[in-house]
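Structure at a glance
Chain by chain, the residues:
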Amino acid sequence: MDLEKKPVVSDVGAWAMNVVSSVGIIMANKQLMSPNGYGFSFATTLTGFHFTVTALVGWVSNATGLSASKYVPFWELFWFSVVANLSITGMNLSLLLNSVGFYQISKLSIIPVVCFMEFLLHSKHYSQRVIVAVAVVALGVGICTVTDVDINAKGLLCACVAVFCTSLQQITIGSFQKKYSIGSFELLSKTAPVQAVSLLLVGPFADYYLNHRSLLEYPFSSGATAFIILSCSLAVFCNMSQYLCIGRFSATSFQVLGHMKTVCVLILGWVLFDSALTVKNILGMLLAVLGMVVYSWAVEHEKQAKSATHISAEIKSEGEDIKLLKEKVNGLPASDLESAQTKS
C-alpha cells in the first residue's frame, strides 16, 4: 500500500473507524476492568495483548501479500517504541497518582504541546482561526470532564512525561510515513511487534506496581477472556485508524477531532451505565463540537488559501516565461527569424 495509490479507506471512513473503534474499546475495557465487571486491572499488560494481536494481523497481511513490507531501521523502531511505551505507562501512572480532574487537564494539554512541537520540528504555523478553534475545543472538553483538581510532585512528573511522549509519538508517526514513503498499515506492522514484546515484558511488573496484584493470580473466566479478545480485536482497528488519520492529516487534527470520542463516551456512559449527565456536561459537549466544526472549517479554509496561492504563483511563473520568450524572439535579427520559418 503505497502512499501514491488511491486510498482504500476514505478520509471520513478513517475518522469513523477511529471514533467507533476507540469508543468501543473504552466501553469493552470499562466492563473488563471495572470492579463491577471482571476486575481485570492490568492495563499495561492488556495494551501488550493489543499490540500482539495487531502484530499478528500485520504478519498475516504481509505473508498473504495483502500488504508489502518496507524497510525501516530497527533503531528508529526501537526509540519510537520506547517513546510510545513511556506514553502508555506515563498515562497509567498519571491516572493512578493524580485526581481524575488533573488527569483530564493533562490529556487536554497534549493539543498545545503537539502544536508547539510541530512548530519547532517542522516549522508549522497556525492561523488565528485554528488557534481559536483549538482553544474552544479544549475549553468545551474541559468543562464537561474536569471536576476535582489535585496535584502532587510525582503525579505532575508522570503527567509531563506522558504528555511529551504522546505528542512526540503522534508527530513521529506522520514523519516516518513521509520519510520512508511507507503506508500507515505497513508502518504499524513494523512498530507493533517491538511494542508488543517490550510491553509484555514490562507490563506485568508495571501493573503489579500500580495495583499490587499479580497477573498470575487473576482468575481468567470465559467472560473475561471473551472481553479480552473483543478488546484486542477493536485495538487492531483503533491502531490502524490512528496511523491512517495522522498520516493523512496531522497530529494536531487527530487530537482536536479525536475529542469527539470523549463526547461519545460521555453520552454512551449515560445511556449504557447510567452515568450522571449534567447541564454542565451538555454545555461543554456542545461547545466542544462547535470548536471541532470551526476547526474543520478553518483547516479547509487554509488549504484553499494555500491552493489559490500556489495556482497564482504558477500562473505568474508561466507569464514570466512567456514574457522572456517574447523578449528573446523580438531580440533576434530578421535573418534568424526567416531561417527559423524556412526550417519549420
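Data block above holds the structure.
Residues numbered from 1 in each chain as written. Predicted model: local features only at pLDDT ≥ 70, side-chain atom pairs only at ≥ 80, totals over all residues. Heavy atoms only, no water.

**Some remarks on the environment of threonine 89**
As for its placement among the helices and strands, threonine 89 is situated in helix H3 (residues 74–97). When the C-alpha atoms of threonine 89 and alanine 206 are compared, they prove to be 7.7 Å apart, with 117 residues separating the residues in sequence. (Helix = DSSP H or I, 4+ residues; strand = E, 2+ residues; numbered from the N terminus.)

**So, the packing of helix H1 (residues 11–33) against helix H9 (residues 222–248)**
Between H1 and H9, the shortest axis-to-axis distance is 8 Å and the interhelical angle comes to 150°. Comparing the axis directions of H1 and H9 gives the class roughly antiparallel. Judged by the sense of rotation from one axis to the other, the crossing of H1 with H9 is left-handed. A class-by-class count of the residues in the contact of H1 with H9 yields 16 nonpolar, nine polar and two charged. (Axes fitted to C-alpha atoms, helices over the stretch in contact; angles between N-to-C directions. Parallel < 35°, antiparallel > 145°, perpendicular 65-115°, else oblique. Left-handed = near helix turned anticlockwise from the far one by under 90°. Nonpolar A, V, L, I, M, F, W, Y, C, P; charged D, E, K, R; others polar.)

**Section: helix H2 (residues 43–63)**
Its 21 residues give H2 an end-to-end C-alpha distance of 30 Å, which sits within 8% of 30 Å, the value for a rise of 1.5 Å per residue. Within H2 the residues assigned to the buried category are Thr44, Thr45, Leu46, Thr47, Gly48, His50, Phe51, Thr54, Ala55, Gly58 and Ser61. Those residues of H2 that are buried are in contact with H1, H3, helix H8 (184–211) and H9. In the segment just after H2, glycine 65 is the residue with positive phi, at about 85°. (Expected span 1.5 Å × (residues − 1). Buried < 20%, exposed > 50% of the residue type's maximum accessible area, 1.4 Å probe, protein only. Contact = heavy atoms within 4.5 Å.)

**Here we look at the pattern of salt bridges**
The full count for this structure, using the stated rule, is two salt bridges. Between glutamate 76 and lysine 179 there is a salt bridge, and its shortest N-O distance comes to 2.7 Å. Of this pair, glutamate 76 sits in helix H3 while lysine 179 sits in helix H7 (residues 153–179), and the two are 103 residues apart along the sequence. A residue is classified by how much of its surface remains accessible, and glutamate 76, at 2% relative accessible area, is buried. The class of lysine 179 is exposed, set by a relative accessible area of 55%. Among the ionic pairs, glutamate 118 bridges to lysine 124, the shortest N-O distance being 3.8 Å. Under the relative-accessibility criterion, glutamate 118 is labelled buried at 6%. (Salt bridge = Lys/Arg side-chain N within 4 Å of Asp/Glu carboxyl O.)

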